[in-house]
Amino acid sequence: MTTGVGFVVALLSLACCSTTVAGQFSASFWETWGYYIQLASTKPIDWNATIGLQDSGQVQESCYDQSVQLHTDMVTGKSYAIQMLDSSGKFNPTGLFEGQLNDVGSFKGCRDRVKDAPDIPADMKPMYCIVLWGGIPPELTETTGVQVFTQGLCVPNTCNDSDVRLLTGTGLLGIKPMPSWIPGVVLCQREEEYASYSVAAIVAITIVSVILLILFISTLYELFINVCFSEERMKSFTSSKTGRFFLSFSVYSNTKKVFNTYQPPGQLPALHGIRVISTLWIIYGHTDSFASASATINNREKVEFYSEWWAFIRLSMDKSVDTFLLLSALLVSYLFMKQLKKNGGSFTGKDLLLHYLHRYWRLTPVYAFLIMIYACLLDYMGTGPAWKNFGTGCDTYFWPNLLYINNWFGGGLECFGWAWYLGVDMQLYVIAPGLLILLYKKPKLGLALMITLLTGSMVASGLIQHFLVKMLGQEYFTTVYTVTFTRMGPYMVGLLLGYILFKTDRKVPNTRRTKVLMLLGWVLASSTALLFVVLVDQSPAFVTFDRTMFSCAVAWVVFACSVGYGGIITEFLSWSGWVPLSRLTYTAYLVHPIIMHVYVMSLKALLFYSATNWWFYFIAYSFMAFLCGFVASIMVEFPFFGLEKLIFPQRRGRDRSKASNHVTSEAHDNQDLELEEFGRLRDHQVDHNDVKIKGPMEITDSQGHQPTNTCI
């Protein structure tokens, strides 16, 4: 009789919109319901071990009692218990040899449906857990790359993670996949943990709200003075510190700056295109790596993808980071040499302090803002079977990021893990002034030192790869990949390239010999780039040369385009459409893994891998990365560019008021890049009274000339 009542309750709760008349159940329904009851009745449970866990106190009494009650109610056919069984993953080998070693069950069924069952006990609340089972046959691991079986379970929330691990091991909770398999990591998601906002989340929401309020007021301020006052009267508002503060936060002005495609004559060509393409390359690579963190039903096909000839597009994506190091160093070097020349070779302690302070101010506010969003609000952005599989690491280890030493904190201690690059770049930026001053004043000695550092970086990479990674089995990522001195090669190439462009004034003789040499350079650079991108190898010899040689190839592209021998490549990379995207690459780089995490970890079903699917994911991620990057830039990055001019003194040799039509910006840093001849600058002084300051990083003179700014 009890079982029959269970059937009725189940029909009403599971199929409330069924067309069958109450009490008239189809034969297939009875068959399905009976299958679940039989499944619960026949599952193997080691009762001796289960009772022993309870007697020894290894399992909480409340958890044990409710787990036993759940099993009993499954056998008797109560609807809530059958729904919990239905929401749990089972081991039904389908596609097992294709890598489908997972069954995450029904997350929504467990979290949202079970609690509405009419026969659920008052003290029984469902909880969704992920259990990772060890013991996978090595033959399957070898062909599919999967080392654990991922199972979703719907269990009583009185159990903690340890309880779930022990009781799944005895077979009481869920359906044990294989008798010999052992439960390992257990990750349970407790709704009560996110029922209310934490103090950190409240603080973060308050900060975001204050910023939005300032943006709203500032935008209204600009629109008000534009509509209500004459041009002469407007000057008194826009030139005051209060006015400049509000204009710094104006969404209207900053949006115009982002989408301004004007490219003044004399700026370094090709950088915008290279920067955007490199960012897209990074996003494509992370599209694959973030999807690997979730359950994919055809892992074997994904593993086989890496043997395809075109898999180098994904496998070599890390070369894009070397491109950013190259561009960053190039512009640091070129700007610094221009500054030294303008100051007669003088560089004081105050100049050095402002040099570092400027860099920190430009990079850190939006970086810290996104870390705050990631650390304090990510938990509330979604839910899903895999949501607990990924921790931010920012609760304790956010401070190394703000000091730019985070690349030395690996092994699970890192916060905002993909930002290791910023630590490397900042540390190399710190040592750059000493190298560049030496190169400016004693070129031979400076050149020898930089070549020594470049060579040492290459040799160190190969030796570490051989002895620590290959022989001792240490992790490549933390031992070689994110280490500053192994990444020094591309940066040194960039510093030397900036010096060469400075010394040659970006001009080469227009002779037949020059044309032959430039053509030969293109052939060598193209061959080198293809070799080190298409060929993917982790041998010490390859690791010694790959990053530096690839950087040399990219450096040649920049040099050739800068001296007028880029042809159609220059036209493509200097396309005005790259400019707005180039300004957003820094924030897009910072924000895109957050977007990927929220999407992938919120998936309620397994992913099917195919190259086509991954390309569609890549396009969607890229769009969202630049869109969210735009929002971050408008909210924080551009306003702080404007505030810098109000707070800090101008650096010597970087007079923005004279940079009317010859400005671009440093990668990551938005430094003004004075590209006109200094003789022409002296002949073309701009009257300060003719300059209209329209907001951060935008100045127009009385002739309407307008500089641009870019950032990674």
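See the structure printed just above.
A brief structural summary. (Residues numbered from 1 in each chain as written. Predicted model: local features only at pLDDT ≥ 70, side-chain atom pairs only at ≥ 80, totals over all residues. Heavy atoms only, no water.)

**Re the state of the cysteines**
Where we set the bar: Disulfides are defined as cysteine sulfur pairs within 2.5 Å. We count a stretch as a helix when DSSP gives it H or I for four or more residues in a row; a strand needs E for two or more, and each element gets its number in order from the N terminus. Per-residue accessibility, obtained with a 1.4 Å probe over protein chains only, is compared with the maximum for each type, and a residue is labelled buried under 20%, exposed over 50%, and partly exposed between these values.
Under the counting rule described, the total for this entry stands at four disulfides. A disulfide bridge connects Cys129 with Cys188, and the sulfur atoms are separated by 2.0 Å. On the sign convention where negative is left-handed, the bridge of Cys129 and Cys188, at about 105 degrees about the S-S bond, is right-handed. Taken together, the positions of Cys129 in strand β2 (residues 126-134) and Cys188 in strand β4 (residues 182-189) put the pair 59 residues apart, joining distant regions of the chain. The same class applies to Cys129 and to Cys188, which are both buried. Through a disulfide, Cys394 is tied to Cys415; the S-S separation comes to 1.9 Å. Its torsion about the S-S bond being 85 degrees, the disulfide of Cys394 and Cys415 is classed as right-handed. Remark: Cys415 occurs in the loop between α18 (399-402) and α19 (420-441) and Cys394 occurs in the loop between α17 (349-377) and α18; sequence separation between them is 21 residues. Just as Cys394 is buried, Cys415 falls in that class too. If one numbers only the bonded cysteines of the chain, in the order they occur, the disulfide pattern is 1-5, 2-4, 3-6, 7-8.

**Looking at the pattern of salt bridges**
To be explicit about the condition: Between Lys or Arg on one side and Asp or Glu on the other, a salt bridge is scored when a side-chain nitrogen of the former is within 4 Å of a carboxyl oxygen of the latter.
Going through the model one piece at a time under the given rule, you end up with 14 salt bridges. For Arg300, the salt bridge is made with Glu304, and the minimal N-O distance between the two is 3.6 Å. Linking Arg300 with Glu304, this pair stays in helix α14 (residues 299-305), spanning four residues, or about one helical turn. Residue Arg547 pairs with Asp318 through a salt bridge whose shortest N-O separation is 2.6 Å.

**Overview of the pairing of strand β3 (residues 149-156)**
Definition in use: Note on pairing: two strands pair once DSSP finds at least 2 bridges between them.
Of all eight residues making up β3, eight are buried, and the element is well covered by its neighbours. As judged from the two bridges shared by strand β1 (residues 102-103) and β3, these two strands associate in the parallel manner. Bridge pairing links Asp103 to Gln151 in β3. Pairing of β2 with β3, which is carried by eight bridges, proceeds in the antiparallel orientation. From the neighbouring strand, Val131 faces β3, where its bridge partner is Gln151.

**With respect to the nonpolar core**
Basically, it comes down to this: In these notes, a set of buried Ala, Val, Leu, Ile, Met, Phe, Trp, Tyr and Cys residues joined through side-chain atoms within 4.5 Å is what counts as a nonpolar core. Whether two residues are in contact is decided by their heavy atoms: any pair within 4.5 Å suffices.
If you look at the biggest cluster of nonpolar residues, it comprises 123 residues, and the most contacted ones within it are Tyr367, Phe369, Phe416, Tyr491, Leu495 and Leu590. At 13 residues, the largest contribution of residues to this core is made by helix α16 (residues 319-342). In this view, Phe369 contacts Val208, Ile211, Met635 and Val636; residues no more than four positions away in its chain are not counted. Listed in part, the 52 residues of the second largest apolar core include Leu39, Tyr64, Phe107 and Val164.

**Thoughts on the sheet that holds β1**
With respect to topology, four strands assemble into an open sheet ordered β1-β3-β2-β4, the strand pairing being mixed. Of all strands in the sheet, those bounded by a partner on one side alone are β1 and β4. Pairing of β2 with β4, which is carried by six bridges, proceeds in the antiparallel orientation. The residue of β4 that forms the bridge with Val131 is Val186.

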